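Observations on the model geometry
Take a look at the letters that make up each chain.
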Amino acid sequence: MPGSPDTLLVASADWPSEADASAGAVLTLPIDTTGRLGPITASVAVTGPSYLAYGPDGRHVYASCRWPADSATPGASRKHSGEVAAIVIGPDAHLTVTGRAPTAGHSPCHLTVDAAGCHVLVADYQDGLIDVHPVDRVGGVGDTCSVAVRGGSGPDARQQSPHAHMVREHAPDGRFLVADLGTDEIAAYDLDHASGQLSTVVQSTRLEPGSGPRHFVACGPDLLFVATELRAGVVTLALDPGSASFQVRAVVSSTRHDLAAPSAIVLSPDGRHLYVGNRGPDTIGVLRIEVSGLRLVDEVPCNGQPRDLTFLGDRLYVANQESGTIAVLRYDAETGGLDGPIQVIEIPAPTCMLPYHRTEGRSE
């Protein structure tokens, strides 16, 4: 692996704290030249972190946070709003919280930072909304400046209302795409970078009713691969240049097992394969990207229910939230195959991971 010793940032939703209600932390773990994780070197307390995202400078990271009692099933008591925490990464990957701001919803599950580093956008699952926070000159985060409240439902029992599960900027056109598990949509919004105001929906792609889109990954400017949690599939969306909207091209399964609930979806470092975490069978589905479409070519165990996946060099790191472990799998760049795990460590409820190069800033 290039550079000085690498580091893995890990969001732990159940990291012990003095007050159980505010349990949670972001941790740093060194990675040696074999890809193995060492003991925790730093931690900073944040309440129930569910996702992490870098600012464009690679020295600031933002966490979407929710109180543990508020992240339960619909109908649970929700006394607290969610929160965005701004964290700066110092020398030797030391972490410091530099600011916090309440979110418009109670259950923020995902967030992203715009390419200019001016705003943080947060997707809220239970309240079905996207809220926008300004970023100041030193990387701090301010109060909500814009909110997009979604509407709609779907045929599944979990789709009685919108559930915004992911938001990310689509680089070719600068629009922000939202995966809504509750309405079976990939919706696009424009952001006014001066004011932080979100537009109304400018494009919407409907997936199969009851599929439940959760996370997506872009492959070049024209393809989007969407993991569907309720139907255990991966949907290929192709950008139509005439209408500037996505069209459904194909749907394939991410697993050979029944009753699977896909979670994270990532591309291989060379962009030739796709990897999907399958909760239920507790596997990683390996799909080859071919001219004719996606093809499931392998499925390997990952030692628990995978919540998040990230590559660093020739290793795939798997955060198994329910089993409280992180597994390290070997990645074969020639075949796209996975072997292992070569290591499994215990971390309470890991929800998200970010690779970090100490000498270079964040890992792309």
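This one's a predicted model, so the numbers in the text were calculated from it and none came from an experiment.

Topologically, Ile87 is positioned in strand 6 (residues 83-89). Between the C-alpha atom of Ile87 and that of His60, which follows or precedes it by 27 residues, the distance is 5.7 Å. Setting aside anything within four residues of it in sequence, one finds Ile87 in contact with Val26, Val44, Val46, Arg59, His60, Val61, Leu95, Thr96, Val97 and Thr98.

Taken as a whole and assessed by the stated rule, the structure comprises 13 salt bridges. With its nearest N and O atoms 2.8 Å apart, the salt bridge here joins Glu208 to Arg231. Within this pair, whereas Glu208 is found in the loop between strand 15 (203-206) and strand 16 (213-219), its partner Arg231 is found in the loop between strand 17 (223-228) and strand 18 (233-240), the two being separated by 23 residues in sequence. The class of Arg231 is partly exposed, set by a relative accessible area of 43%. Between Glu229 and Arg279 there is a salt bridge; the shortest N-O distance is 3.1 Å. Within this pair, whereas Glu229 is found in the loop between strand 17 and strand 18, its partner Arg279 is found in strand 21 (residues 273-279), the two being separated by 50 residues in sequence.

Here is a general trend for soluble globular proteins: nonpolar side chains tend to be buried in one another's company. Ranked by size, the top nonpolar core spans 30 residues in total, and within it Leu9, Leu52, Tyr62, Leu111 and Val120 carry the most contacts. Counting residues per element, the ones that place at least two in this core are strand 1 (6-12), strand 4 (49-54), strand 5 (60-65), strand 6, strand 7 (95-102), strand 8 (108-113), strand 9 (119-124) and strand 28 (350-357). With five residues, strand 6 is the largest single contributor of residues to this core. Ignoring any residue separated from it by four or fewer positions in sequence, one finds Leu52 in contact with Leu9, Val10, Ala11, Val26, Val61, Tyr62, Ala63, Leu111, Cys352 and Leu354.

Turning to the environment of Val132, a few remarks are in order. Its place among the elements puts Val132 in strand 10 (residues 129-134). For the pair formed by Val132 and Arg36, sequence separation is 96 residues and the distance between their alpha carbons is 37 Å. Residues in contact with Val132, not counting those within four places in the same chain, are His119, Val120, Leu121, Asp143, Thr144, Cys145, Ser146, Leu191, Gly196 and Leu198.

This part covers the sheet that holds strand 15. Taken together, four strands build an open sheet; the order of strands is 12-13-14-15 and the sheet is antiparallel. Because the sheet does not close on itself, it has two edges, and the strands there are strand 12 (164-170) and strand 15. The sheet shows a mean angle of 20° between the axes of neighbouring strands, direction not considered. In this structure, strand 14 (residues 185-189) lies alongside strand 15, joined through four bridges in antiparallel fashion. Considered in strand 15, the bridge of Ala187 is made with Ser204.

Turning our attention to the packing of aromatic side chains. What the rule picks out here adds up to three aromatic pairs. Geometrically, the ring pair formed by Tyr275 and Phe311 is edge-to-face, given 5.2 Å between the ring centres and 70° between the ring planes. Pair noted here: Tyr275 is in strand 21 and Phe311 is in strand 24 (residues 306-312), with a separation of 36 residues, a long-range link. For Phe311, a relative accessible area of 12% translates into the label buried. Relative to Tyr331, the ring of Phe311 has its centre 5.0 Å away and its plane inclined at 70°; by these criteria the two rings are edge-to-face.

The subject of this paragraph is the pairing of strand 8. In terms of residue burial, strand 8 counts as a mostly covered element, since six of its six residues are buried. As defined by bridge partners, strand 8 adjoins strand 9 across five bridges and the pair is classed as antiparallel. Across the sheet, the residue bridging to Thr112 is Leu121, located in strand 9. Hairpin connection from strand 8 to strand 9: five residues lie between these consecutive antiparallel strands, with Gly117 at a positive phi of about 75°.

Conventions and cut-offs
- Residues numbered from 1 in each chain as written.
- Predicted model: local features only at pLDDT ≥ 70, side-chain atom pairs only at ≥ 80, totals over all residues.
- Heavy atoms only, no water.
- Helix = DSSP H or I, 4+ residues; strand = E, 2+ residues; numbered from the N terminus.
- Contact = heavy atoms within 4.5 Å.
- Salt bridge = Lys/Arg side-chain N within 4 Å of Asp/Glu carboxyl O.
- Buried < 20%, exposed > 50% of the residue type's maximum accessible area, 1.4 Å probe, protein only.
- Core = buried A, V, L, I, M, F, W, Y, C linked by side-chain atoms within 4.5 Å.
- Pairing = 2+ DSSP bridges.
- Axes fitted to C-alpha atoms, helices over the stretch in contact; angles between N-to-C directions.
- Phe/Tyr/Trp six-rings, centres within 6.5 Å; stacked < 30°, edge-to-face > 60°.

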